[in-house]
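# Inside the fold
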Amino acid sequence: MMSIKWRDEQHPSFINFISSFLTANSFRLNFVLIAPDLIFNCGGLSVSFVFVTNWDFNNNATIFNRVKKLKEQFAHLYVVVTLPTREQNESFVRSYFKYGMQLGRPTFLPVQDIEMGFEKIVKIAHCRGVCKRHDAISKMKAERKQLVQGMEIFLKVVTSIPLIDNHDANSLNQAIGSIQAIAKASKEYILENTDLSAKKAEMVVRFFRDPKLYLGPKIN
């Protein structure tokens, strides 16, 4: 199901692409009045999507406020955001933390172009349907619990670095990844890919190279 409002905001050629792609993958497209942009029903499971095809630097509050409302209404919600430029990606990361989004609630998927975004949507919906049919939801919940516990450990370790708070740790995780990757990152790389200040980036680099720092962390 596709939102009529969302459809009318897209270029007709993109809607034609979607229709052809769905037909080729044995989906039937209906245009209806729904709150999310798209809803797929696969294997008896409804999966909802917000699909941001044009990132607005000046009006992103509307996007996040809408997502916060929808995540309370739909159990399986994903947000796909098209970010073709570095500036848009940096704007998205800043806004993500500014508006207090929780990691994984819901899951955001940045993509470089709208066609790639829609292909990911179909793959997610199909995979969720397959998991439902194979009764794999309980396994997914167990894996999610492990991921949450792993994230808690990650935050404890990274925030033990002097000057680094939860926001900085989440920014490092989003942009660089694991603790091992952060430990190998240069000051220049951290500055280029996160919103950390030069002082904080230098502290991160020093922490993993100076025994006086990493042997005496401020773990709470």
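Described below are features of the structure shown in this document. (Residues numbered from 1 in each chain as written. Predicted model: local features only at pLDDT ≥ 70, side-chain atom pairs only at ≥ 80, totals over all residues. Heavy atoms only, no water.)

## Side note on the overall build of the chain
The helix and strand inventory of the chain stands at 11 helices and 6 strands. The C-alpha extent of the chain, read off along each of the three principal axes, is 60 × 40 × 30 Å. When the 220 residues of the chain are sorted by exposure, 38% land in the buried category. Long-range contacts, defined as pairs at least 24 residues apart, comprise 67% of the intrachain contacts of the chain with a sequence gap of at least 6. Working note: accessible area of the chain is about 12700 Å², and carbon and sulfur atoms make up 52% of it. Placing the 29 positive and 20 negative side-chain charges of the chain at their respective mean positions leaves the two points 7 Å apart. (Helix = DSSP H or I, 4+ residues; strand = E, 2+ residues; numbered from the N terminus. Buried < 20%, exposed > 50% of the residue type's maximum accessible area, 1.4 Å probe, protein only. Contact = heavy atoms within 4.5 Å. Areas by Shrake-Rupley, 256 points an atom, 1.4 Å probe, with all protein chains shown as cover. Lys, Arg positive; Asp, Glu negative; His and termini not counted. Charge placed at Lys NZ, Arg CZ, Asp CG, Glu CD.)

## Focus: the packing of aromatic side chains
Throughout the structure, instances matching the rule amount to 20 aromatic pairs. Between the aromatic rings of Phe40 and Phe118, the centroid separation amounts to 6.4 Å while the plane-to-plane angle is 50°, which identifies the pairing as tilted. Remark: Phe118 occurs in helix H5 (residues 114-133) and Phe40 occurs in strand E3 (residues 38-42); sequence separation between them is 78 residues. The buried category is assigned to Phe40, whose relative accessible area is 7%. Residue Phe118 is classed as buried on the basis of its relative accessible area, which comes to 0%. Through pairs of rings, three or more aromatic residues link up here, namely Trp6, Phe14, Phe17, Phe21, Phe27, Phe40, Phe49, Phe51, Tyr78 and Phe118. We note Arg7 situated over the ring of Phe31; from NZ or CZ to the ring centre the distance is 4.7 Å. (Phe/Tyr/Trp six-rings, centres within 6.5 Å; stacked < 30°, edge-to-face > 60°. Lys NZ or Arg CZ within 6 Å of the ring centre and 35° of its normal.)

## Quick word on the layout of surface pockets
To locate leftover empty space, one rolls a probe as large as a water molecule over the atoms. Its boundaries defined by the atoms lining it, the largest pocket holds a volume of some 1500 Å³. Looking at the largest pocket, it is lined by 43 residues, and the ones nearest its centre are Leu103, Gly104, Arg105, Thr107 and Arg144. With 9 residues, helix H6 (residues 137-158) is the largest single contributor of residues to the lining of the largest pocket. Classifying every residue of the lining of the largest pocket gives 19 nonpolar, 12 polar and 12 charged. The space that makes up the second largest pocket amounts to roughly 480 Å³. (1 Å grid on protein atoms, 1.4 Å probe; cavity = no way out; pocket = protein on both sides within 12 Å on 5 of 7 lines; lining within 4 Å. Points joined across faces, edges and corners; volume = space filled by probe spheres on them. Nonpolar A, V, L, I, M, F, W, Y, C, P; charged D, E, K, R; others polar.)

## As for the nonpolar core
Residues Ile18, Leu38, Phe40, Phe49, Phe51, Phe118 and Ile121 are the most contacted members of the largest nonpolar core, which totals 23 residues. When residues of this core are traced back to their parent elements, those giving at least two are helix H2 (12-24), E3, strand E4 (45-52), strand E5 (77-82), strand E6 (107-111) and H5. (Core = buried A, V, L, I, M, F, W, Y, C linked by side-chain atoms within 4.5 Å.)

## A short note on the pattern of salt bridges
Scanning the model with the defined rule gives 7 salt bridges in all. Between Arg7 and Asp8 there is a salt bridge whose closest N-O contact spans 3.1 Å. On the basis of relative accessibility, which here comes to 25%, the residue Arg7 falls in the partly exposed class. Among the residues examined, Asp8 registers a relative accessible area of 54% and is labelled exposed. Measuring nitrogen to oxygen at the nearest pair gives 2.8 Å for the salt bridge that ties Arg66 to Asp37. Of this pair, Arg66 sits in helix H3 (residues 60-71) while Asp37 sits in the loop between strand E2 (31-32) and E3, and the two are 29 residues apart along the sequence. Taking the relative accessible area as the measure of exposure, Arg66 reaches 31% and is therefore partly exposed. What emerges from the salt-bridge pattern is a single network uniting Arg86, Glu90 and Glu192. (Salt bridge = Lys/Arg side-chain N within 4 Å of Asp/Glu carboxyl O.)

## Some details on unusual backbone geometry
For the bond from Arg105 to Pro106, the omega torsion is -5°, close enough to zero to count as cis. Along the chain, Pro106 falls in the loop between helix H4 (86-98) and E6. Positive phi, normally seen in glycine, also occurs at Ser26, with a value near 65°. Structurally, the position occupied by Ser26 is in the loop between H2 and E2. The phi dihedral of Leu163 falls on the positive side, at around 80°, and the residue is not glycine.

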